[in-house]
Amino acid sequence: MPVTRSTGLLALGGIALAALLTVIGHLEVNDDLNPWALTISDFAVSDRGGVIDIAMVVLALATVALLYGLRRASPPRSRSGRTAELLLGAWVGGLLLAAVVPTNEPGTAMTTAAYLHRYASVIAFLALPVGGWLLARRDQLTPAARWLRGLAVASLVLAAAMVWSAYPGDRVLLGLAERLLILTEVGVLTVVALVLARSGSSTRVVAV
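Residues numbered from 1 in each chain as written. Predicted model: local features only at pLDDT ≥ 70, side-chain atom pairs only at ≥ 80, totals over all residues. Heavy atoms only, no water.

The protein has the name DUF998 domain-containing protein in an unreviewed UniProt entry, where Micromonospora saelicesensis is given as its organism.

### With respect to the environment of V153
What counts, and what does not: Helical segments are the DSSP runs of H or I of at least four residues, strand segments are the runs of E of at least two, and each set is numbered from the N terminus.
Structurally, the position occupied by V153 is in helix α6 (residues 145–166). Distance from V153 to A90, taken between C-alpha atoms, is 18 Å for residues 63 residues apart in sequence.

### A word on the pattern of salt bridges
For clarity, the cut-off: Whenever Lys or Arg places a side-chain nitrogen within 4 Å of a carboxyl oxygen from Asp or Glu, that contact is recorded as a salt bridge. The rule is simple: take the accessible area with a 1.4 Å probe, protein chains only, and divide by the maximum for that residue type; under 20% is buried, over 50% is exposed, in between is partly exposed.
Enumeration over the complete set of coordinates arrives at two salt bridges. Between R171 and D42 there is a salt bridge, with the nearest N and O atoms lying 3.4 Å from each other. Remark: D42 occurs in helix α2 (residues 40–45) and R171 occurs in the loop between α6 and α7 (174–197); sequence separation between them is 129 residues. R71 serves as the salt-bridge partner of E85, at 2.6 Å between the closest nitrogen and oxygen. Of this pair, E85 sits in helix α4 (residues 79–100) while R71 sits in helix α3 (residues 51–73), and the two are 14 residues apart along the sequence. Residue E85 is classed as buried on the basis of its relative accessible area, which comes to 14%.

### Re the environment of A84
Selection rule: Only heavy atoms matter for contacts: two residues are in contact if any of them lie within 4.5 Å across the pair.
Among the structural elements, A84 can be located in helix α4. Residue A84 is classed as buried on the basis of its relative accessible area of 2%. Each C-alpha atom, one on A84 and one on A152, is 13 Å from the other, the two residues being 68 residues apart in sequence. A84 has contacts with G131, L134 and L135, leaving out every residue within four places of it along the chain.

Take a look at the structure:
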């Protein structure tokens, strides 16, 4: 099996496992937590070291598999190609840091760790859609370019909605906006993984 195809399949498995763990994490926490108003991090801090944190690590590792598969297909030669890989690396780093460093309990004062968690999450949320937009320029991903760009734009719109909700919006539907944002961003990863998984043994492409 070609490396690009196997890494695509591995990434798809990681994405599916991360999604399953996240759902389980929502079912295990206190029933008083409201998923429409509270973020996934708020749920995770209620079960430190639990499955939501593991899900974030699994998703980060799935992204690493995608990066490896893309680079094996053909290393990027243009600035945009290298920038896309750096942005996906920032997404991975942000996810891992957010998984390791907890936010504060809902309704309590922000701590230094909570601010670090917040800004790591912000970096991750912004890096992935921009990286996805740039990845759409790769020859290998041309068939999925429209999907990648559409999901990237949707992610940025939802990120803006989160910022509005977190500040002037008094956190109205903040949890819903974040979950929709994560859904679109995971969609970007899934599209890339599907393209890699469908790669044939003779596929050799030129990256931009």
